[in-house]
Amino acid sequence: MRRLEEECGSPLLERSGRGIRLTAAGRVLQKWAQRVHFDVEDAKREIADIGKGLSGQVRIGVVPTAAQFLLPPVARQLLDEAPAVTLKTVVALVDTLTPLLKDGQIDLMVATESPRHETGFVSRVLAEDPIVVAASARHPIFRGTPTMKDLTSYRWVLQPPGAPTRDWLDHAFDRRHLPRPVVHIESSMLVMLPHLIAETGLLSFVSQHHVGERYAGALLKEVPLKETTMRRRLTVTYRENSYLLPAALRVLELFAQKG
């Protein structure tokens, strides 16, 4: 470490309580060392892939909605075209996936937004993915023409506060000086929400992709209100200037097609 500091001409570590931490110069060196590491690994992968065609492992991070509706047809077509390719998937929210992409632990990220305020990423829009109020088709909200005020008369199943969709919905009611939804069940697992809607008869706020689907024998139906429709998009993102396997490029193309 002393030799490295001498070469850099600056201290790289400093004491912090009982431990040590990187100095500003140390953080700069860490950034460049990480970039060199990526370049070396990418060079090895590209050289190894010469002449192999579509083969190897593609590492994908996917948000739950995309994992449920986009990943299966992509995987099916990839298996037909390139049976030598394997997929390693991580299903999580964008806040978990972005550091994995940044650290090179995944090749592609299919998420509901691009990494914000960060350089070094390239994103392509795949599809619109509106978030809407939904309920079982048997719910009493559908007996008339519902208004936003009507929604306050019923109980809900939602993600906990802090989740982007939950905060957006709460603020939508705040802007119209209406009480926030009365939440009877909180669930951090997005994949559970449609099933809970069907089983409990509660209202919820889910991807429009779920509308018209049957869960637990109940058809889900959208409560069509402009004020409670959150516009968002699914994107596929990868690190700028990183090497992508031919198979990863094909997966990227398939996501764009299916989206």
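Data block above holds the structure.
Cut-off values and rules
- Counting starts from 1 at the beginning of each chain's written sequence and moves along it residue by residue.
- Given that this is a predicted model, residues contribute local features only at a pLDDT of at least 70 and side-chain atom pairs are listed and counted only at 80 or more, while totals for whole chains, interfaces and linings are drawn from all residues.
- In computing side-chain values, all of the structure's heavy atoms are included and hydrogens and water are not.
- The helix and strand labels rest on DSSP assignments: H or I over at least four residues marks a helix, E over at least two residues marks a strand, and numbering proceeds from the N terminus.
- Should any heavy atoms of two residues lie within 4.5 Å, those residues are counted as being in contact.
- Any Lys or Arg side-chain nitrogen found within 4 Å of a carboxyl oxygen on Asp or Glu counts as a salt bridge.
- Note on classification: 1.4 Å probe, protein chains only; a residue is buried when its accessible area is under 20% of the maximum for its type, exposed when over 50%, partly exposed between these limits.
- Stacked, edge-to-face and tilted labels apply to pairs of Phe, Tyr and Trp rings (six-membered ring for Trp) whose centres lie within 6.5 Å, assigned for plane angles under 30 degrees, over 60, and everything in between, in that order.
- Strands qualify as paired when DSSP identifies two bridges or more between them.
- An axis is simply a line fitted to the C-alpha atoms; with a helix, the fit covers only the stretch in contact. Between two such axes, the angle follows the N-to-C directions and lies from 0 to 180 degrees.
- In the analysis that follows, any N or O atom pair within 3.5 Å is treated as a polar contact, provided that within protein one partner can donate a hydrogen and the other can accept it, and provided that, for residues neighboring in sequence, both atoms belong to side chains.
- What makes a nonpolar core is a set of buried Ala, Val, Leu, Ile, Met, Phe, Trp, Tyr and Cys residues whose side-chain atoms join them at distances within 4.5 Å.
- By this rule, a helix spans an expected 1.5 Å times one less than how many residues it contains.
- For this quantity, the arc is that covered by the directions from the helix axis to the C-beta atoms.

Mapped onto the elements of the fold, Leu 87 is located in strand 4 (residues 85-91). The sequence separation of Leu 87 and Ala 75 amounts to twelve residues, and the corresponding C-alpha distance is 8.1 Å. Among all residues touching Leu 87, those that are not within four sequence positions of it are Val 58, Ile 60, Ala 75, Leu 78 and Val 251.

In this section: the pattern of salt bridges. Taken as a whole and assessed by the stated rule, the structure comprises nine salt bridges. We note a salt bridge from Arg 166 to Glu 186, for which the minimum N-O separation is 3.4 Å. Of this pair, Arg 166 sits in helix 7 (residues 164-175) while Glu 186 sits in strand 9 (residues 182-186); the two residues are 20 residues apart in sequence, bridging distant segments of the chain. You can call Glu 186 partly exposed: its relative accessible area is 45%. Note that Asp 170 is salt-bridged to Arg 180, the shortest N-O span being 3.7 Å. Here the residue Asp 170 occupies a position in helix 7, and Arg 180 occupies one in the loop between helix 7 and strand 9, the gap between them amounting to ten residues. Given a relative accessible area of 41%, Arg 180 falls into the partly exposed group.

Two measures describe an aromatic ring pair: the distance that separates the ring centres and the angle between the ring planes. On inspection of all chains with the given rule, the structure shows two aromatic pairs. Between Trp 156 and Phe 173 the ring centres are 6.3 Å apart and the planes differ by 90°, which places this aromatic pair in the edge-to-face class. Here the residue Trp 156 occupies a position in strand 8 (residues 155-158), and Phe 173 occupies one in helix 7, the gap between them amounting to 17 residues. The residues Trp 156 and Phe 173 share a single accessibility class, namely buried. For the pair Trp 168 and Phe 205, a centre-to-centre distance of 5.8 Å together with 10° between the ring planes defines the contact as stacked. Highlighted residues: Trp 168 in helix 7 and Phe 205 in strand 10 (residues 204-207), separated in sequence by 37 residues.

Turning our attention to the pairing of strand 2 (residues 19-22). Sheet analysis places strand 1 (residues 13-16) next to strand 2, joined by four bridges and oriented antiparallel. Its bridge partner being in strand 2, Glu 14 is matched across the sheet by Arg 21.

As summarised here, the arrangement of the five strands in space is 4-3-5-13-6, forming an open sheet in which the pairing is mixed. Since the sheet does not close on itself, it has two edges, and those belong to strand 4 and strand 6 (121-128), each with one partner. Neighbour to neighbour, the strand axes of the sheet diverge by 20° on average, direction disregarded. The sheet contact formed by strand 6 and strand 13 (residues 233-239) spans seven bridges and is antiparallel. Along strand 13, the bridge assignment pairs Arg 124 with Val 236.

All right, on to the side chain of Gln 159 then. As for its placement among the helices and strands, Gln 159 is situated in the loop between strand 8 and helix 7. For Gln 159, a relative accessible area of 7% corresponds to the buried category. A polar atom in the side chain of Gln 159 sits 2.8 Å from the side chain of Thr 165. Apart from residues no more than four positions distant in its own chain, Gln 159 is found in contact with Thr 165, Arg 166, Ser 187, Ser 188, Leu 190 and Leu 193.

In this structure, Val 58, Leu 108, Val 110, Val 251 and Phe 255 are the most contacted members of the largest nonpolar core, which totals 36 residues. Contributing elements (two or more residues each) for this core: strand 3 (56-62), helix 3 (64-69), helix 4 (71-81), helix 5 (94-102), strand 5 (108-111), strand 6, strand 13 and helix 9 (246-258). Looking at this core element by element, the count peaks at six residues for helix 9. Apart from residues lying up to four places away in sequence, Val 251 is in contact with Val 58, Ile 60, Val 74, Leu 78, Leu 87 and Leu 108.

Once that is clear, we can look at the sheet that holds strand 12 (residues 218-222). Pairing within the open sheet is antiparallel, and its four strands lie in the order 10-7-12-11. Each end of this open sheet is capped by a strand with a single partner; those strands are strand 10 and strand 11 (214-215). Pairing geometry for strand 11 and strand 12, over two bridges, is antiparallel. Across the sheet, the residue bridging to Arg 214 is Leu 219, located in strand 12.

On to helix 7. Compared with an ideal rise of 1.5 Å per residue, which puts twelve residues at 16 Å, helix 7 spans 16 Å between its outermost C-alpha atoms and is within 8% of the ideal. Inspection of helix 7 places Thr 165, Arg 166, Leu 169, Asp 170, Ala 172 and Phe 173 among the buried residues, and these make up the whole buried set. Projected onto a plane normal to the axis of helix 7, the buried residues spread over an arc of 155° and lie on a single side. Structural note: helix 7 exposes Pro 164 and Arg 175 on the side pointing more than 90 degrees away from its buried face. Elements that come into contact with the buried residues of helix 7 comprise strand 7 (131-136), helix 6 (148-151), strand 8, strand 9 and strand 10. Following helix 7 by one or two positions, His 177 adopts a phi angle in the positive range, close to 55°.

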